[in-house]
Each structure stands twice: as structure tokens, then as C-alpha cells.
Amino acid sequence: MVAPTPPPIKGGGKEYRKVFDPELINRAIDAVKTALSLFTVGVPLIRRGPAGETHVDVPVMYMDVAIDRIHYDPYLKAPSPKGRPVRAWNVEIDPQEVRQIIEAALKEAYVIEAAEFREPEDAWAIPVAWNKLIIMHVKVSYDGRELIPDYGLTEEVRRYVI
């Protein structure tokens, strides 16, 4: 009797990589530190929901592509932590004010010396913080040499601006 073939493991077929390689992690962190001063604030994406709620995301741009989005809290008039998009009711949003607030926060932002590994992208996610809150993640290639854009967000920004 022949034993059944086990199902493949996700990502199977790739050569094994030692994920925890301090040199590659440090290179990825340094890449984000170098790029951070070159990030710019894109046009705020203001969405209105069916219940009348407002949600604001602000894309962070690098060389005309979006890197990640920063959630904006219209009640506090400040960035919101990553993973906590704010739905607000009965608020007026001034896109120019939002942009100025996020620009100021981005100038004060700093790279946290840590990395998360994202297997589907085969990349590092480097956290960026402001005021002790993680406000975005920057994806960097496994070898730490290239930033990885958020292509879906880049397309959304292009559709929104046109």
C-alpha cells in the first residue's frame, strides 16, 4: 500500500529561508529610517457610510506610490492608532486641515526598531510610531533593500484624485 501524498504547505516549493536574520532585519529598519524623511502626505480619502458616518484615511506617499495609510480621528483631530479606524458622526472635515495635521505628525514620526514578517509578501513590516502610537507599517523586501508599495491603496489614491 502506498502512503497518500500530503497536501502542500502554503509557500511550498520555495527554498527555505532563515527568517530571523539580524542583518536583514537591521537593513530593513535602516531603509525605513532613510526613507521616512522623504514620505509625503497624500490627499485625504474621506468616505461617507450608509449610516451617515465619516471615515478618513490619509495615504503616505513615497515617489508617487502609497506606502500605507494613516487613520485620522476627526474628534481628536489627530492620527488614530493602526488598526483603529474611526467612524465619526456629525463632523465637518476640512481636507486641508487633515493634511496639515498628518504632515505635522509625520515630521514627528519615528521608526520602531522591530520587524514583523509577512509571509504572503515575503517581506518585513517595520512599524512607524507617533506619540507612542503605531500609526503605520512600512513593508520592506526580505533582503531589506526595497520598500514595497501598497498597490491597492496607490490605485485608490489615483482614482480618488482624478
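Every chain begins its residue count from 1, and numbering advances along the sequence as written. Given that this is a predicted model, residues contribute local features only at a pLDDT of at least 70 and side-chain atom pairs are listed and counted only at 80 or more, while totals for whole chains, interfaces and linings are drawn from all residues. As a convention, hydrogens and water are excluded, and side-chain values are obtained from all of the structure's heavy atoms.

K.L.:
Please explain the pattern of salt bridges as it appears in this structure.
P.N.:
Side chains that differ in sign of charge can pair as their charged atoms come close. Salt bridges are defined by distance alone: a side-chain nitrogen of Lys or Arg within 4 Å of a carboxyl oxygen of Asp or Glu. Tallying each qualifying case throughout the model produces 12 salt bridges. Put simply, Glu-155 and Arg-158 hold a salt bridge, and the shortest N to O gap is 3.5 Å. Taken together, the positions of Glu-155 and Arg-158, both in helix α3 (residues 151–161) and three residues apart, correspond to about one turn of that helix. Overall, the relative accessible area of 41% leaves Arg-158 in the partly exposed class. By sharing partners, the salt bridges in this structure join Arg-47, Asp-57, Arg-69 and Glu-156 into a single network. Counting from the N terminus, the helices are DSSP H or I runs at least four residues long and the strands are E runs at least two residues long. Each residue gets one of three labels from its accessible area relative to the maximum for its type: buried under 20%, exposed over 50%, partly exposed in between, using a 1.4 Å probe on protein chains only.

K.L.:
Quick question: what am I supposed to make of the environment of Pro-79 here?
P.N.:
Mapped onto the secondary structure, Pro-79 falls in strand β5 (residues 78–79). Residue classification places Pro-79 among the buried residues on the basis of a relative accessible area of 5%. C-alpha of Pro-79 to C-alpha of Trp-130: the two residues are 51 residues apart in sequence and 8.3 Å apart in space. Contacts: residue pairs with any heavy atoms within 4.5 Å of one another. When sequence neighbours within four positions are dropped, the list of residues in contact with Pro-79 reads Ile-70, His-71, Ile-101, Ile-102, Ala-105, Trp-130, Leu-133 and Ile-135.

K.L.:
Is there a simple way to explain helix α2 (residues 95–108) in this structure?
P.N.:
Owing to its 3.6 residues per turn, the α-helix aligns residues three or four sequence positions apart on the same side. When the terminal C-alpha atoms of α2 are compared, their 20 Å separation across 14 residues agrees well with the 20 Å that a helix rising 1.5 Å per residue should span. Looking at α2, one finds that the buried residues are Val-98, Ile-102, Ala-105 and Leu-106. Angular distribution of buried residues about the axis of α2 spans 100 degrees; they occupy a single face of the element. Opposite the buried face of α2, at more than 90 degrees from it, the exposed residues are Lys-107 and Glu-108. Given the number of residues in a helix, its expected span is that number minus one, multiplied by 1.5 Å. The arc in question is traced by the directions running from the helix axis to the C-beta atoms.

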